[in-house]
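So you can see what is in the structure, the chains are spelled out below.
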Amino acid sequence: MKTSNIGEAIQQGIDLLKGDDSVDKTYCSQKHYPDAQTTLQAFAQAREKVFAVNRWSEVSSMTADFVLHDPSGLAKSTGRPVVGDLIRLELPGPTPVNWVKVTQVVDEETKAGFTARPCADPHENENRTEHFFTDESSSTFRVEWVGNTLTACQIGENERINNQNPEAGGRAVVNTVIATTGWLFYQKIQWKTLMDYLVE
């Protein structure tokens, strides 16, 4: 690697830690099937799984707990996410709760999933983002059927650490630790495990 490239990488790392830069991350899993009919059946199961957010917590003890809520913050024990719904995300260990809002839902013949963005805690009056990423970030969960291949992806776009007040709301340090730990290794465990589950 050239010296200039090393310098640019170091500067980007500094900017990421300061919350002045963002990254995009994608984690996908694929499974190939012998024929279109088998793939269609597998896609139908994957579609059900990607919308069954409350069941994601059962995938592994290493992954986060997910609870679907309506726009007012009441937990939804059944049903799929719709635009405006909220998801409460709790990471393993002593970390604060995180919230995201569903901003888009796609349910087509060969593709299904939804996109969510960090948001405020619906039970708090403060208008601050209760998440380790800023509300400019987004996360898309998608399953897709192409030919005899089923693909599941988690697509993180514009992931920027939420460590600037007032949006961080006193969580700047812990948000920085959670986000950098995620980028280093935890995201791969979390999202690859979930994507494997969606296509299995």
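Structure: see above.
Residues numbered from 1 in each chain as written. Predicted model: local features only at pLDDT ≥ 70, side-chain atom pairs only at ≥ 80, totals over all residues. Heavy atoms only, no water.

### Topic: the sheet that holds strand S1 (residues 23-32)
Strands sit in the order S1-S7-S6-S5-S4-S3-S2 across an open sheet of seven strands; the sheet is antiparallel. Edge strands, defined here as strands with exactly one partner in the open sheet, are S1 and strand S2 (65-69). Averaged over all neighbouring strand pairs, the angle between strand axes comes to 20 degrees, with direction disregarded. Strand direction decides the pairing type here: strand S4 (residues 98-107) and strand S5 (residues 111-118), joined by seven bridges, are antiparallel. Note that in S5 the partner of Val100 across the bridge is Pro118. Relative to the sheet, helix H2 (residues 36-51) contacts S4, S5, strand S6 (138-146) and strand S7 (149-159), its axis offset from that of S6 by approximately 160 degrees. (Pairing = 2+ DSSP bridges. Helix = DSSP H or I, 4+ residues; strand = E, 2+ residues; numbered from the N terminus. Axes fitted to C-alpha atoms, helices over the stretch in contact; angles between N-to-C directions. Contact = heavy atoms within 4.5 Å.)

### Some words on the side chain of Ser138
With respect to the secondary-structure elements, Ser138 resides in strand S6. You can call Ser138 buried: its relative accessible area is 8%. Once residues lying within four places of it in the same chain are set aside, the contact partners of Ser138 are Thr115, Ala116, Arg117, Ile155, Gly156 and Glu157. (Buried < 20%, exposed > 50% of the residue type's maximum accessible area, 1.4 Å probe, protein only.)

### With respect to the nonpolar core
Trp56, Phe66, Ile87, Phe114, Phe141 and Val143 are the most contacted members of the largest nonpolar core, which totals 39 residues. Counting residues per element, this core draws most heavily on helix H3 (residues 172-199), at 10 residues. Setting aside residues up to four positions removed in sequence, Phe114 forms contacts with Val50, Phe51, Val53, Trp56, Pro81, Ile87, Val102, Gln104, Val105, Ser139, Thr140 and Phe141. (Core = buried A, V, L, I, M, F, W, Y, C linked by side-chain atoms within 4.5 Å.)

### Quick notes on the pattern of salt bridges
With the rule as written, the count across this model stands at 10 salt bridges. Among the salt bridges present, the one from Glu144 reaches Arg142, with a minimum N-O distance of 3.9 Å. Given a relative accessible area of 25%, Glu144 falls into the partly exposed group. On the basis of relative accessible area, Arg142 is assigned to the partly exposed category, the value being 28%. Each of the salt bridges in this network shares a partner with another, and the network as a whole consists of Arg47, Arg80 and Asp107. (Salt bridge = Lys/Arg side-chain N within 4 Å of Asp/Glu carboxyl O.)

### Structural notes on unusual backbone geometry
In this structure, Pro166 follows Asn165 across a cis peptide bond, with omega equal to 10 degrees. Tracing the sequence through the fold places Pro166 in the loop between S7 and H3. Positive phi is not limited to glycine here, since Asn158 has a value of about 55 degrees. Structurally, Asn158 is set in strand S7.

Without other data, these values stay purely geometric and don't point to any function.
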